[in-house]
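Observations on the model geometry
Chain by chain, the residues:
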Amino acid sequence: QVQLVESGGGSVQAGGSLSLSCAGSGRSLSNYLISWFRQAPGKEREFVARISWSGTSTNYVESVKGRFTISRDNAKNSVYLQMNSLVPEDTAVYYCAANTKLERPPHLASSYDYWGQGTQVTVSS
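One structure accompanies this document, and this report is about it. Predicted model only: the values in this text are computed from it and were never measured. (Residues numbered from 1 in each chain as written. Predicted model: local features only at pLDDT ≥ 70, side-chain atom pairs only at ≥ 80, totals over all residues. Heavy atoms only, no water.)

The number of helices and strands found in the protein chain is zero helices and 11 strands. Helices (α) and strands (β) of the protein chain occur, in sequence order from the N terminus, as β-β-β-β-β-β-β-β-β-β-β. Relative to its length of 125 residues, the protein chain is compact, with a C-alpha radius of gyration of 13 Å against a globular reference of 14 Å. In terms of overall dimensions, the protein chain has C-alpha extents of about 40 × 25 × 25 Å along its principal axes. In the protein chain, which comprises 125 residues, the proportion classed as buried is 40%. Considering only contacts within the protein chain whose residues lie at least 6 apart along the sequence, 58% involve residues at least 24 apart. (Helix = DSSP H or I, 4+ residues; strand = E, 2+ residues; numbered from the N terminus. Rg over C-alpha atoms; globule rule 2.2 N^0.38 Å. Buried < 20%, exposed > 50% of the residue type's maximum accessible area, 1.4 Å probe, protein only. Contact = heavy atoms within 4.5 Å.)

Quick look at the structure:
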């Protein structure tokens, strides 16, 4: 019912910044809770950040608190992830995901019904 497309990935040096975008189509993203996940080679898909329908409530995994900021612009049907002070451990494919169930645990990938294709983020030391 909704399609998600990530963009903005790339390669940066440690300490640098990168902005990711998640563009929705098919349905308004205002109907969905949106999260960013990331997956490094050989690792499980990891929750990064979540934002509520209105954008007034956000959650982050502890490792990115103070460095990453999730936001959304429902008028543009997009969700963003501003990543600052990047470290090599942030290297992963980043995905946006959507669900409509507030009661689902936000940190679990299984809570989300829709996923984008992912965008690669590489942070070099």
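Next up on the list: the environment of Leu18. Looking at where Leu18 falls in the secondary structure, it is placed in strand β3 (residues 18-25). The buried category is assigned to Leu18, whose relative accessible area is 14%. A C-alpha to C-alpha distance of 12 Å links Leu18 and Tyr94, two positions 76 residues apart in sequence. In contact with Leu18, other than residues within four places in its own chain, are Gly8, Gly9, Gly10, Val12, Leu81, Gln82, Met83, Leu86 and Val121.

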